[in-house]
Amino acid sequence: MVQFRLEKITDAETLLDRPQDIGADDPELKSATADPVSRTERVTRQLNRKASVVRNIKKWHNNVCQVCHTTIELPGGPASEVAHIQGLGEPHNGPDREENALCLCPNDHLRFDYGAIYLTDDLKVIDAKTGQAIGALRTHPRHSIDLRYVRQHRSYWTK
Ligand SMILES: [Zn+2]
């Protein structure tokens, strides 16, 4: 079950910690630094995702994108993103479970979330612009994908 948590976010950072040190002789700069970046206090509604789903998906796929088969290399090590096939938030309300998740690179995560690519029932990746298959989704024996979510995503973006 997806839970929501209400959280108050306050931007405590100031752009200029010591404005008196900057452009002290320049009246134009002085007036600019007298008015630091404004802040907005807001209440957000945030999905609490299960850490175990993210951990399992990334581990099974070794951070390799299931669409383009690349891994993002960062100074801290390889990285990937866990995408939900049927989105978690409104209006999709998909479940936070491995059968509804994919291991993707940031580019393919964005493409998938905005319907630029979608999946067939036999897990081919389709380019929405051309309607042509661009490859087969990379799979892992431990990671079963529930076709109910694949169909929901496809019908949402191809209607
Ligand atoms: Zn990719």
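Residues numbered from 1 in each chain as written. Predicted model: local features only at pLDDT ≥ 70, side-chain atom pairs only at ≥ 80, totals over all residues.

Some words on the overall build of the chain
Across its full length, the chain holds 4 helices and 9 strands. Beginning at the N terminus, the succession of helices and strands in the chain can be written as β-α-β-α-β-β-β-β-α-β-β-β-α. Looking at the chain residue by residue over its 159 residues, the buried ones come to 18%. Nonlocal contacts in the chain, meaning residues at least 24 apart in sequence, comprise 55% of its contacts between residues at least 6 apart. (Helix = DSSP H or I, 4+ residues; strand = E, 2+ residues; numbered from the N terminus. Buried ≥ 20, exposed ≤ 12 C-beta atoms within 10 Å, placed from the backbone. Contact = placed C-beta atoms within 7 Å.)

Describing the environment of Val82
Looking at the secondary structure, you find Val82 in strand E5 (residues 81-84). Overall, Val82 belongs to the buried group, with 20 C-beta atoms counted inside 10 Å. With 22 residues separating them along the chain, Val82 and Leu104 place their C-alpha atoms 6.1 Å apart. Contacts of Val82, omitting those with residues within four sequence positions, involve Val53, Val54, Ile57, Lys58, Ala101 and Cys103.

Observations regarding the pairing of strand E9 (residues 133-136)
Inspection of the sheet shows strand E8 (residues 124-127) paired to E9 by 3 bridges, in the antiparallel sense. Note on E9: the bridge partner recorded for Lys124 is Ala136. Here E8 folds back onto E9, and the loop between the two strands holds 5 residues, one of which, Gly131, carries a positive phi near 75°. (Pairing = 2+ DSSP bridges.)

A word on the nonpolar core
The biggest cluster of nonpolar side chains holds 18 residues, and the ones touching the most others in it are Ala83, Ala101, Leu102, Cys103 and Leu104. Counting only elements with at least two residues in this core, the list comes to E5, strand E6 (101-104), strand E7 (117-119) and helix H4 (147-158). If one sorts the elements of this core by residue count, E6 sits on top with 4 residues. Filtering out sequence-adjacent residues up to four positions away, Leu102 remains in contact with Gln66, Ala83, Ile85 and Phe112. (Core = buried A, V, L, I, M, F, W, Y, C linked by C-beta atoms within 7 Å.)

Digging into unusual backbone geometry
Here Glu90 and Pro91 are connected by a cis peptide whose omega angle stands at 0°. Position of Pro91 among the secondary structure elements: in the loop between E5 and E6. For Leu123, which is not glycine, the phi dihedral falls at a positive 60°. Following the sequence through the fold, Leu123 ends up in the loop between E7 and E8.

Some thoughts on the confidence of the model for the chain
On average, residues of the chain carry a pLDDT of 85, and 78% of them reach 70 or more. In this model residues 7-24 is a low-confidence stretch, pLDDT under 50, and it forms 22 contacts with partners more than four residues away in sequence or in other chains. (pLDDT = per-residue confidence, 0-100.)

Description of the sheet that holds E7
The strand order across the open sheet built from 3 strands is E7-E8-E9, with neighbouring strands paired in antiparallel fashion. Only two strands of the sheet have a single neighbouring strand rather than two, namely E7 and E9. Across the sheet, the mean angle from the axis of one strand to that of its neighbour is 25°, orientation sign disregarded. (Axes fitted to C-alpha atoms, helices over the stretch in contact; angles between N-to-C directions.)

Topic: H4
Over its 12 residues, H4 extends 16 Å from the first C-alpha to the last, a length consistent with the 16 Å expected when each residue adds 1.5 Å. The secondary structure elements touched by the buried residues of H4 are E7. (Expected span 1.5 Å × (residues − 1).)

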